[in-house]
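Chain by chain, the residues:
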Amino acid sequence: MDNKFLVIPYSPFSIVMQLLEGSFDKRALEQNYGACMKAAILTGYGGADKIEIRDLEKPAIGDNEILIRTAATTVTQVDNIFRSGDHLFARMATGVIKPKISVMGTELAGWVESVGKDITGFKPGEAVIADSGTNYGAHAEYVKITPEDPVTLKPENMSFPEAAALSYGGLTALSFLQDTAKLQAGQRMLILGASGSVGSFAVQIAKAIGAHVTAVASGDNAKLVLSLGADEFVDYRNTDITQLKDTFDVIFDSVGKYRFGRLKPLLNDNGIFMTTDLSPNILWNMILTGMVGNKKAKIAFTGLNTFGQKMEGLQKLLQFYEDGKLKPVIDRTFTLDEIRKAHEYVSTGRKKGNVVVTVSEEGRV
Ligand SMILES: NC(=O)c1ccc[n+]([C@@H]2O[C@H](COP(=O)([O-])OP(=O)(O)OC[C@H]3O[C@@H](n4cnc5c(N)ncnc54)[C@H](OP(=O)(O)O)[C@@H]3O)[C@@H](O)[C@H]2O)c1
């Protein structure tokens, strides 16, 4: 008699026996007992100590969903705002009293683990880049990708950390420059916060489009920002930006620290000021400049872009990468177990480009 039937199918003894005879079926075990994964759980709004690494049930996927095994992900400023709960507008989306979602993280790179029966174009084992958007969940060993989330194959020459750090800052910057500002070659652009995630992508995309870029960051980041292609550099710590002699067709406050009213004199006729930060001030100025004047104030919410826009954006970013015009800037890398440290660093507001979290050993390269 086959000794598999002498014991409970998934008792520790049985698993050892099955391993010895080479008949152990991990998937069958998972299907019978529900598989666990390691995830960073947000236990409430507050500091990084509100995050705990725990075991969680692996996400189940539907017919048109994809399960990805995470290689690398990032901690972004949006994760930081979400976790702290300090931003009233953000709480309206993430839960007014307590977080509605327990696993944060949106951008990731990894491998297709399994696909729903209606999925075509992806198969298990393929390396992919994805963004789970408002479904979050990327700070875990496995992430479910729904039909509204962009996902594409990862180029072989792109590392997992680079691939993980592409979509948040890249898609945000691309959408602001291309869709909101309709930036054209030869236009003059001022980028404030050029050393951040959104800013470092904005500098590279503006140069790829053919604009003239004046980049604003602190002196410590001058070398980095100039290496990304900026034509001119201004240190905001020793220069009053409002007194710059140059004027611009587009001003992009990628870090959300500046006011339209103070920078309006730096705009050329028909110029556009854009910010990433939602505030009553920008909403008021957007309404006002929509009615009068030829200098416009704008904000966009790039996370609300359609699936089609996000997919198109991702392909464009990958083309820039292939053409050598864009490379995600990676500041520091942490493991999933060190994710509290990643949050603490991001919350300083001083990171350069992106902070990566490697979730699996192979995700480090
Ligand atoms: N509206 C949208 O759709 C959307 C989408 C994504 C993100 N966002 C928002 O975009 C903002 C930026 O995100 P991010 O991830 O790019 O930020 P980030 O990477 O955390 O930005 C950090 C960088 O900002 C620089 N910085 C800080 N204060 C500055 C100042 N006064 N002037 C110039 N540079 C300054 C820092 O350089 P120094 O250390 O040299 O000061 C640092 O390198 C966040 O508020 C996020 O919520 C909005």
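Chains are numbered independently. Their residues run from 1 in the order of the written sequence. The model is predicted, so local features are restricted to residues of pLDDT at least 70 and side-chain atom pairs to those at 80 or more, both for listing and for counting; the totals for chains, interfaces and linings are taken over all residues.

Draft legend 1. Broad picture of helix α3 (residues 77-84). Buried, partly exposed and exposed are defined by the number of other C-beta atoms within 10 Å of a residue's own C-beta, namely 20 or more, between the two limits, and 12 or fewer respectively, with C-beta atoms placed from the backbone. In this text, helices come from DSSP runs of H or I with a minimum length of four residues, and strands from runs of E with a minimum of two, each type numbered from the N-terminal end. Across the 8 residues of α3, 6 count as buried, placing the element largely inside the fold. Taken together, the buried residues of α3 touch β1 (36-42), β3 (66-75), α4 (88-94), α7 (197-209) and α12 (339-346). A residue pair is marked as a contact if its C-beta atoms, positioned from the backbone, fall within 7 Å.

Draft legend 2. Region of interest: the site of the ligand. Nearness is defined per residue: the C-beta atom, placed using the backbone, must lie within 6 Å of the molecule or strand. Taken together, 33 residues lie around the ligand, and Ser195, Gly196, Val198, Ser218 and Thr276 are the ones closest in. Contributions of two or more residues to the shell around the ligand are made by α3, α6 (167-180), α7 and β9 (212-217). When its residues are assigned to classes, the shell around the ligand shows 10 nonpolar, 17 polar and 6 charged. Note: domain ranges come from an automatic or database domain assignment. Counting residues domain by domain, the shell around the ligand receives three or more from each of domain 1 (17-165 + 311-319 + 331-344 + 354-364) and domain 2 (169-304). Charged residues are taken to be Asp, Glu, Lys and Arg, nonpolar residues to be Ala, Val, Leu, Ile, Met, Phe, Trp, Tyr, Cys and Pro, and polar residues to be all remaining types, Gly included.

Draft legend 3. Broad picture of the packing of α6 against helix α11 (residues 307-322). Fitted lines through C-alpha atoms serve as axes, helices being fitted only where they are in contact, and the angles separating the N-to-C directions of these axes extend from 0 to 180 degrees. Interhelical geometry of α6 versus α11 gives an angle of 100 degrees and a closest axis separation of 10 Å. By the criterion of interaxial angle, the relationship of α6 to α11 is roughly perpendicular. Residue-level inspection shows Ser167, Gly170, Leu171, Leu174 and Ser175 of α6 in contact with α11, the latter providing Lys310, Gly313, Leu314, Lys316 and Leu317. Its residues assigned to classes, the contact of α6 with α11 comprises 4 nonpolar, 4 polar and 2 charged. For this classification, under 35 degrees means roughly parallel, over 145 means roughly antiparallel, 65 to 115 means roughly perpendicular, and everything else is oblique.

Draft legend 4. Representation of the nonpolar core. Counting 96 residues, the largest nonpolar core has Ile191 and Ala206 as the members making the most contacts within it. When we break this core down by domain, the ones giving at least three residues each are domain 1 (17-165 + 311-319 + 331-344 + 354-364) and domain 2 (169-304). Excluding residues that lie within four positions of it along the chain, Ile191 makes contacts with Gly199, Ala202, Val203, Ala206, Val213, Ala215, Val216, Phe252 and Ser254. In this description, a nonpolar core means buried residues of the types Ala, Val, Leu, Ile, Met, Phe, Trp, Tyr and Cys, linked to one another by C-beta atoms lying within 7 Å.

Draft legend 5. Geometry of the domain arrangement of the protein. Segmenting the protein into domains produces domain 1 (17-165 + 311-319 + 331-344 + 354-364) and domain 2 (169-304). On a C-alpha basis, the centres of domain 1 and domain 2 stand 31 Å from each other. If you look at the interface, domain 1 gives 10 residues, while domain 2 gives 8 residues. Per-element tally for the side of domain 1 that touches domain 2: the top contributor is α11, with 4 residues. Split into classes, the residues belonging to the side of domain 1 that touches domain 2 amount to 3 nonpolar, 6 polar and 1 charged.

Draft legend 6. Structural context of α12. Ile339, Ala342, His343 and Val346 are the residues of α12 that are buried. What you see down the axis of α12 is that its buried residues fit within an arc of 100 degrees, all on one side. Contacts made by the buried residues of α12 are with β1, β2 (51-57), β3, α3, β14 (330-335) and β15 (354-358). The arc refers to the directions leading from the helix axis to the C-beta atoms.

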